Amino acid sequence: MKKLLFFTGIVLLSACQTQTDQTETQVASDNPFYQEWDTPFGIPPFHQIKNEHYMPAFEKGMKENLAEIDAIVNNSEAPTFANTIEELERTGKLLTKVQDVFYNLTGSNTNPKLQELQRDLSPLISAHYDKITLNKGLFNRVETLWQARETLELSNEQRKLLDDTRKAFVRSGALLNEEQKAQITAINSQISELTTAFGQNLLAETNGFELVLDKSDLDGLSDGIIAAAAETAAEKLAEAETDEDKAKYKDKYVFTPHRSSMYPFLTESNRRDLREQLYTAYIQRGDNDNETDNKEVAAKIAKLRAERAQLMGYETHAHFVLEERMLKTPEEVYDLLMQLWRPALERAKTEVADMQAVVDAEGKDFKIAGWDWWQYSEKVRKAKYDIDEAALKPYLSLDNVLNGVFETTNKLWGLTYTELFDINVYHPDARVWEVKDKDGSHLGIFIGDYFTRSNKRGGAWMSSFKGQSNLDGKERPVIVNVCNFPAPVGDDPALLSFGNVVTLFHEFGHAMHGILTNVTYNSMSGTSGPTDFTEFPAQILEHWASEPEILKSFATHYQTGEVMPDELIAKLLKASKFNQGFANTEYLAASLLDMDWHTIKGDEDLKNTNAFEKASLSKIGLIDEIAPRYRTGYFAHIFSGGYYAAGYYSYVHSAVLDSDGFEAFKETGNVFDPELAAKLRTHVYEKGSTEEAMELYKQFRGRAPKIDALLKVRGLDGSTD
Amino acid sequence: MTILKTFAFCICFFSGFVAFSHPQDELVILEIEHGQLDFPDQKIKAEYDAALKRQRMRQLAAMPSQERFWLFLNAGIKHIIPKGLDHILFVLGLFFSSLVLRSLLWQVTAFTLAHTFTLALAALGIITAPGAIIEPLIALSIVWVAVENCVFKETNKWRPFIVFGFGLLHGLGFAAVLSAFGLPENNLVASLLAFNIGVELGQLIVLFTTAALLWLIRKKSWYRQWVQIPASLLIAMVGIFWFIERVVS
């Protein structure tokens, strides 16, 4: 209890904590990051970690890391795999330790102090990693080894690690001459400035628009939505400084182009004119010809990336990126996307027709436009697929669903779970389980943190507090799933929607990837594979959640114990194909736009970004009623950071894999087929990135992936419902 | 090794059918799409308290029944000593009413029966009562018994019935504490019983300790003037203070 209270103190009072020199020295001596954790299973001692422990630990961690690198570089012995590559694996222990805790908590249990630290740390961390990737002495040792790779008698795993390590250096420019390197550095810093500007502009554009409404403008909106809009207005009123501003927000209702505010409005509001205003504001972000316009910024970023790729010897940025992915060339990506595009677009067109029929039946005289989609698709959904969420939820209590996912992995791989009630982690809603293998041996720790709260980021994710490695003894992982399911009211159990259930299985699939992993080197463990592969282990698990047989095994009514009726299950599964035309079309349009931006050669005249975008979208025949999920001006995934550039397609590629992979189980007639389950475990969940992802997939599936199963799952195979 | 782990941890954001991410990028994207996090202190505290209770309920549900019995017994005792100062004062109020063992016994029995009754009803969810009304009334009940001690030399006949009525109130007060503490659904009756036994034990400890302290002077002629009345007045004053405090808040 004392610990818990103490911990509450940390959470609540952290913002007010002040640091004096005296406490700083005191803190240094008992900084928990500097000590060996004698906690059960190496779970971080959260109750001992205070806000002021992070910065010193980061600084010390970076310093130690650089010293370790220097020691490797200055080793007088000739480079060997052991004294270079394996030693590298051992570096940065303290930094990893503090990073794992810090970046987990900034997502799941943050406070103003952590947020501030996060902003301060960001440039320090990236400068730190630059020092390592640009270390010439280090690269020379790696390169020497790589040149001699055939004579080193390495295991497959070691060979892949050597290849990957060398490639990481080469891809940051290690093989270039000094002049080229200087060019790359210049380009990188320009890109970095531009991507930052892109993000700032977008933030300003998103925050810059608001729909301020009177009571009379709220036609159609439900009470919860109105209350949220009133709250937004109240916040603005509280921040208002001038009398004019105060008058503007007094007794008003405010909607913004943030999705959480916009989607409910577009769905419920009966004021078509206002829907148009909000929707237009959303899709025009970054395209308003003002000082926060992003058109030129985006074009410049794409152009600089193309230049950089060419300096490195690649045709385009997409070629540079895809070298490391499962799909190796832009042609393969375009091919995949276009195979889906045509059926998706056809489906979207029938969805428009369905909605138009509703408009006509209502006796209204307008043609469906983008801002009508949410409202009218909801009307179609109600008519065609209506399932009552409220009737569904009592069957889906969190505990039942957890039992369902535990049972699924038990039937697949014999895993068992024991909840540990005496271990407190960073928040009382975060639950801890020990995961054991079929033979009873310890596999890892699973932390499930499922309920939404004010200091948690939106979305759902998997992450780790401790990685897996077999290098110096067996290190087993500590994995966490964080979700944003609504917290239960009072003493009732938490009840989930079916969407939540799928999310839970999805994230649990990632967790399995992190827990079953069994590799020698931590850097190749768990989810370290290429972007267009790592979603596969997560997404394939979702399929088990939708299998009627499994659904019935866990979906029992929390009060009556009754199993979910077949009729309800059938409706539920049918509804999963609802609105797939729209969802796929907007996503694929954005993916294709991403590919178009990153297959430019760098010498095009890109003054007119809108013309480029328009050409890109009309080429594929996108209909006016749908905008790409992200237009250029707000495509933050690809322009405000680089990770998704020529990579937004990854989601659907993983979907091809999971649909095709699950089809393999269906083909055997047993969704728990032991032989196939064993293959899935050994070739996918255990392997991390120790082999090429495509090879891993083929070893599991016996062949390369095919797209057919995905088309069927998404209702894009032309079959009628 | 850090070069290969540029993406130090894999965050997989889930939106519709798409899912994936990279931390730094996603943070930017999320801030833009969902707005920045703000930190409403009171809300965070309320959420944290609710989570603490959920955690305790899970722990309770998983506990062996014997361990759980002791835990609730303990909680019951603790709710009298040291946490239940208002209940201690009430019981002392009863004590200072009479030195006739039979009268005292009747009062304590009435009090116990009454609070057991309402505690059970409230814990089983059959009745509910708002703390804003119950708590000030509990304070008043203390004032009542204490004042009565000063007015009447010997307890009157209807005293046990009044005490029974007050006991009903105190039971609702216990129920509020128990509900904050949480009752495991799979073990409701046994836990309720254990808590109640704990409360009785706490009550008896208070009575016996006071009796032991005052044993030698109870027959003195000045007992009423110098002990019974001043002590009762003091209890009444504290009760009044609590009443005002509870009404104001």
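Residues numbered from 1 in each chain as written. Chains lettered and ligands numbered in written order. Predicted model: local features only at pLDDT ≥ 70, side-chain atom pairs only at ≥ 80, totals over all residues.

Draft legend 1. Spatial organisation of the overall build of chain A. A tally of helices and strands in chain A yields 31 helices and seven strands. A compact globule built from 721 residues would reach a C-alpha radius of gyration of about 27 Å, and chain A, at 27 Å, matches this within 12%. With respect to the three principal axes, the spread of C-alpha positions in chain A is 85 × 65 × 60 Å. Among the 721 residues that make up chain A, the fraction classed as buried is 46%. Nonlocal contacts in chain A, meaning residues at least 24 apart in sequence, comprise 74% of its contacts between residues at least 6 apart. (Helix = DSSP H or I, 4+ residues; strand = E, 2+ residues; numbered from the N terminus. Rg over C-alpha atoms; globule rule 2.2 N^0.38 Å. Buried ≥ 20, exposed ≤ 12 C-beta atoms within 10 Å, placed from the backbone. Contact = placed C-beta atoms within 7 Å.)

Draft legend 2. Spatial organisation of the overall build of chain B. Within chain B, the secondary structure is distributed over nine helices and two strands. Ordered by position in the sequence, the α and β elements of chain B form the string β-β-α-α-α-α-α-α-α-α-α. Scored against the burial criterion, the 249 residues of chain B give a buried share of 41%. Here the contacts in chain B between residues at least 6 apart in sequence split such that 84% fall between residues at least 24 apart.

Draft legend 3. Quick peek at the nonpolar core. One finds Leu278(A), Leu396(A), Ile479(A), Val501(A) and Phe505(A) to be the most contacted residues of the largest nonpolar core, which totals 162 residues. Setting aside anything within four residues of it in sequence, one finds Val501(A) in contact with Leu396(A), Val401(A), Leu496(A) and Ala545(A). Among the nonpolar cores identified, the runner-up in size contains 43 residues, and Phe72(B), Ala114(B), Val206(B) and Ala236(B) belong to it. (Core = buried A, V, L, I, M, F, W, Y, C linked by C-beta atoms within 7 Å.)

Draft legend 4. Just the pairing of strand β7 (residues 478-485) of chain A, in detail. Residues and elements named next belong to chain A. Most of β7 is tucked away, with seven of its eight residues classed as buried. Looking at chain direction, strand β5 (residues 442-451) and β7 are connected through six bridges and run parallel. If you follow Gly448 over to β7, its bridge partner there is Asn481. Both strand β6 (residues 461-466) and β7 contribute to a ladder of five bridges, which runs antiparallel. Counted as the bridge partner of Ser463 is Val480 from β7. (Pairing = 2+ DSSP bridges.)

Draft legend 5. Structural context of the sheet that holds strand β3 (residues 416-419) of chain A. Residues and elements named next belong to chain A. Ordered in space as β3-β4-β5-β7-β6, the five strands form an open sheet in which the pairing is mixed. In this open sheet, the two edge strands, each paired with only one partner strand, are β3 and β6. Strand-to-strand twist across the sheet, computed as the mean angle between neighbouring axes with direction ignored, equals 30°. By the bridge criterion, four bridges tie β3 to strand β4 (residues 430-436) in an arrangement that is antiparallel. The residue bridging Thr418 from the neighbouring strand is Glu434, located in β4. Contacts from helix α20 (residues 498-516) reach β4, β5, β6 and β7 within the one sheet, and its direction differs from that of β7 by about 170°. (Axes fitted to C-alpha atoms, helices over the stretch in contact; angles between N-to-C directions.)

Draft legend 6. Highlighting the confidence of the model for chain B. Residue and element names in this part refer to chain B. Predicted confidence across chain B gives a mean pLDDT of 78, with 83% of residues reaching 70 or more. This stretch, residues 1-25, has a pLDDT under 50; its non-local contacts, to residues over four places away or in other chains, come to 81 contacts. Here the predicted complex scores 0.84 on pTM and 0.81 on ipTM. (pLDDT = per-residue confidence, 0-100.)

Draft legend 7. View of helix α16 (residues 330-361) of chain A. Relative to the 46 Å expected for 32 residues at 1.5 Å per residue, α16(A) spans 45 Å between its end C-alpha atoms, a close match to the ideal helical length. Largest kink in α16(A): about 30°, centred on Trp341(A), with the proline Pro343(A) one to four residues after it. (Expected span 1.5 Å × (residues − 1). Bend = angle between axes of the 7 residues up to and from the residue.)

Draft legend 8. Region of the structure containing the environment of Thr210(B). All names here are of chain B. Among the structural elements, Thr210 can be located in helix α8 (residues 188-214). When the C-alpha positions of Thr210 and Phe95 are compared, they lie 8.2 Å apart, and in sequence the two are 115 residues distant. Here Thr210 is in contact with Leu92 and Phe95, once residues within four sequence places are set aside.

Draft legend 9. Here's a closer look at the environment of Gly529(A). Mapped onto the fold, Gly529(A) is located in the loop between α20 and α21 (531-534). If sequence neighbours within four positions are ignored, Gly529(A) has contacts with Thr534(A), Gly688(A), Ser689(A) and Ala693(A).

Draft legend 10. Region of the structure containing the confidence of the model for chain A. In this model, chain A carries an average pLDDT of 90, and 96% of its residues clear a pLDDT of 70 or more. In this model, residues 1-24 of chain A is a region of pLDDT below 50 whose contacts with residues beyond four sequence positions or in other chains number 24 contacts.

Draft legend 11. Here's a closer look at the environment of Ser616(A). Residues and elements named next belong to chain A. In this fold, Ser616 is placed in helix α26 (residues 609-620). Taking the number of C-beta atoms within 10 Å as the measure of exposure, Ser616 has 19 and is therefore partly exposed. Through-space distance from the C-alpha of Ser616 to that of Asp354 is 27 Å; in sequence the pair is 262 residues apart. Discounting residues that sit within four places of it in the chain, Ser616 has contacts with Leu592, Leu593 and Asp596.

Draft legend 12. Quick look at unusual backbone geometry. Residues and elements named next belong to chain A. Residues other than glycine seldom take positive phi values, yet Asp251 does so here, at roughly 55°. Here Asp251 lies in the loop between α11 (243-249) and β2 (253-255). The exposed category is assigned to Asp251, around which 11 C-beta atoms lie within 10 Å. Here the phi dihedral of Ala646 falls at roughly 55°; this positive angle occurs in a residue that is not glycine. Its place among the elements puts Ala646 in the loop between α27 (636-639) and α28 (650-668). A residue is classified by how many C-beta atoms lie within 10 Å of it, and Ala646, with 27 of them, is buried.

Draft legend 13. Local environment of helix α17 (residues 373-385) of chain A. For α17(A), every residue scored as buried is listed here: Trp373(A), Trp374(A), Gln375(A), Tyr376(A) and Ser377(A). Where α17(A) is buried, its residues contact α12 (259-268), α16 and α25 (580-598) of chain A.

Draft legend 14. Examining the packing of helix α4 (residues 85-95) of chain B against α8(B) more closely. Residue and element names in this part refer to chain B. The geometry of α4 relative to α8 is characterised by a closest axis approach of 10 Å and an angle of 45° between their N-to-C directions. The angle between the axes of α4 and α8 places the two elements in the oblique class. With respect to the hand of their crossing, α4 and α8 are arranged in right-handed fashion. Note on element contacts: α8 touches α4 through Gln203, Val206, Leu207 and Thr210, opposite Ile88, Val91, Leu92 and Phe95. When its residues are assigned to classes, the contact of α4 with α8 shows six nonpolar, two polar and no charged. (Parallel < 35°, antiparallel > 145°, perpendicular 65-115°, else oblique. Left-handed = near helix turned anticlockwise from the far one by under 90°. Nonpolar A, V, L, I, M, F, W, Y, C, P; charged D, E, K, R; others polar.)

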